[in-house]
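Chains, contacts and geometry: an overview
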Amino acid sequence: MNAGIWEDLYQSVQKPQMDPVITGFNANIDRVIPLTPGLWRSFERHTVPSFDAILPRLKQSMRYSAADEVVISEPSEYLPLSEYFSRSGTLSLGGQAGIAAVHLHRLGIPSVTCALPGTAGPKTLALLENAGVIPLTFASGANNRPDVIHLIFEYTPHLVPLADGVVPRSNRFIVSPVHDSSTVLIPEASRDFFRERIGACRRAFLSGYQYLRTEREFVTAARQIRLIRGVHPLMRTHVECVSGAGPDVMALMLHHILPGTDSIGLNERELGLFMQVLQARDPASAAMKPSSPIACVRDAIALAGATGVSRVHLHTFGYYILILKSETPEPEVSRNALLLAARVAAETAGPGEQVLSREGLRAYEAVREMYGPDETLGIFRENDRIVLLVPTCISQNVQKTTGLGDILSSTALVADRF
């Protein structure tokens, strides 16, 4: 396929008018640390406290150039690690809800509210307010709580040998402490107040469900999503997934959270974890080895069918896949939302030239051969689903990987009409 047709389409995409948004429920401070050869040698020499248990996961992440996260449940294990790096890197706002909120305000949405039921500390709140976001807290004494700091190790390829078939790219590895479920659940006494404060919102970008543990908590969280959806007939909710949760939590998300939302955002790793639960696959099949574009489409369709959601957005290196219900009007609007998100994410990753992903163009050709011909460029039909695939544009000067998934997912959500 001639890349010029995609380049022309990218050039024609305009940012639409976008409605007020709520994000929730996780915002924290990220300590972003470049993973230099010297730091990597210190990991291999076992000189960093509490890191030996994490090292195999980091090596796997680097071998596959795939983002990953380890959540440490014991404060006594996380504290020495956090203190060791207390003078390293740079601090910025983190958490999916926090990152998305700041980005969406910069994108031009006039009113962005970030709901934080439990734990935002003073620095987190200040960063949100200084960025023009409205923090919505429910518990007294929020400013007296300490900020929660996550460690984000950003690495470039080739510090370790890559696995066969892996396209080298910069990525990140996250080490974080476990959060209490109160960070996700709005106090029952505050629900009317919450509903009033988000009455003008028409999009909700929701996350943090990996911090829930019991089935009762998941049932409460699902009821909370229904409350948000009920604010207005045009409200659409979106759940952004993570790969740091264990299989039990993923199963509870699949059973309670995903069927209750309108839209799901996830990467290839997270899709594999859900397929492991959904289809009782061997855990090894959810490893980081890359899947073919056809396998990604099939799994995304399977997830859409199992949950009944209107929209599944898979973002992986080089291309984005979107699965919509067959009755979705104007799928071209959804495709253009993906293109806008790709352009915005590339601009965030680094300044300068952007190029179309070769992997993305090859993925488009493979899907076109399987499901084509296109109804219009990048849009196909498979039984009762619309399948969209767009090759992404990529920055030639990547300087940032942290938060890119949240940025592109939230951009595509607010620019879409479904």
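Residues numbered from 1 in each chain as written. Predicted model: local features only at pLDDT ≥ 70, side-chain atom pairs only at ≥ 80, totals over all residues. Heavy atoms only, no water.

A short note on the overall build of the chain
A tally of helices and strands in the chain yields 14 helices and 17 strands. By the compact-globule yardstick of 22 Å for 418 residues, the chain fits well, its C-alpha radius of gyration being 20 Å. On the principal axes, the C-alpha backbone points of the chain span a range of 55 × 55 × 45 Å. Looking at the chain as a whole, 57% of its 418 residues are labelled buried. In the chain, the share of contacts with a sequence separation of at least 24, taken over all contacts with a separation of at least 6, comes to 78%. (Helix = DSSP H or I, 4+ residues; strand = E, 2+ residues; numbered from the N terminus. Rg over C-alpha atoms; globule rule 2.2 N^0.38 Å. Buried < 20%, exposed > 50% of the residue type's maximum accessible area, 1.4 Å probe, protein only. Contact = heavy atoms within 4.5 Å.)

A few points about the environment of Ala163
Along the chain, the position of Ala163 falls in the loop between strand E7 (149-155) and strand E8 (171-177). Spatially, the C-alpha atoms of Ala163 and Ser65 are 8.9 Å apart, while their sequence positions differ by 98 residues.

Looking at helix H6 (residues 122-130)
Within an α-helix, residues lying three or four positions from one another point in the same direction, as the helix has 3.6 residues per turn. Among the residues of H6, those classed as buried are Thr124, Leu125 and Leu128. Within H6, the buried residues cover an arc of 95° as seen down the axis, which keeps them to one side. Residues of H6 that are buried in the fold lie against strand E2 (28-34), strand E4 (90-94), helix H5 (96-107), strand E5 (112-116) and strand E6 (134-137). Looking at the residues trailing H6, positive phi occurs at Gly132, about 90°. (Arc of directions from axis to C-beta.)

Points about the pattern of salt bridges
In the structure shown here, the tally under the stated rule is 7 salt bridges. Where Arg229 meets Asp262, a salt bridge forms, and the shortest distance between an N and an O atom there is 2.6 Å. Of this pair, Arg229 sits in helix H8 (residues 215-229) while Asp262 sits in the loop between helix H9 (247-257) and strand E11 (263-266), and the two are 33 residues apart along the sequence. Across the pair Arg368 and Asp374 runs a salt bridge whose closest N-O atoms are separated by 2.8 Å. For Arg368, a relative accessible area of 34% translates into the label partly exposed. (Salt bridge = Lys/Arg side-chain N within 4 Å of Asp/Glu carboxyl O.)

Some remarks on the environment of Ile99
Structurally, the position occupied by Ile99 is in helix H5. Separated by 57 residues in the primary sequence, Ile99 and Thr156 have C-alpha atoms spaced 22 Å apart. The contacts of Ile99, once residues within four sequence positions are left out, are Asp30, Leu93, Gly94, Gly403, Asp406 and Ile407.

Describing the packing of aromatic side chains
This model, assessed by the stated rule, comprises 12 aromatic pairs. Centroid distance Phe25 to Tyr209: 6.4 Å. Interplanar angle 80°. Geometry classified as edge-to-face. In this pair, Phe25 is assigned in the loop between strand E1 (21-24) and E2 and Tyr209 in the loop between strand E9 (203-206) and H8, connecting sequence segments 184 residues apart. Tyr209 carries the same exposure label as Phe25, and that label is buried. With 6.2 Å between their ring centres and 40° between their planes, Tyr364 and Phe380 make a pair best called tilted. With Tyr364 in helix H13 (residues 358-371) and Phe380 in strand E15 (residues 379-382), this pair connects stretches of sequence that are 16 residues apart. In this pair, the class of Tyr364 matches that of Phe380, namely buried. Through a chain of ring-to-ring contacts, three or more aromatic side chains come together here, namely Trp40, Phe43, Phe51, Tyr84, Phe85 and Phe153. The ring of Phe418 has Arg311 sitting right over it, with the charged end atom 5.4 Å from the ring centre. (Phe/Tyr/Trp six-rings, centres within 6.5 Å; stacked < 30°, edge-to-face > 60°. Lys NZ or Arg CZ within 6 Å of the ring centre and 35° of its normal.)

Re the sheet that holds E8
Reading across from one edge, E3-E8-E7-E2-E4 is the order of the 5 strands in this open sheet, with mixed pairing throughout. Each of the sheet's edge strands pairs with one partner strand only, and the pair in question is strand E3 (68-72) and E4. Mean inter-strand twist for the sheet, computed between neighbouring axes without regard to direction, equals 25°. With 5 bridges joining them, E7 and E8 adopt antiparallel strand pairing. Within E8, the position partnered with Leu151 by the bridge is Val175. Contacts from H6 reach E2 and E4, with the element oriented near 75° to E4. (Pairing = 2+ DSSP bridges. Axes fitted to C-alpha atoms, helices over the stretch in contact; angles between N-to-C directions.)

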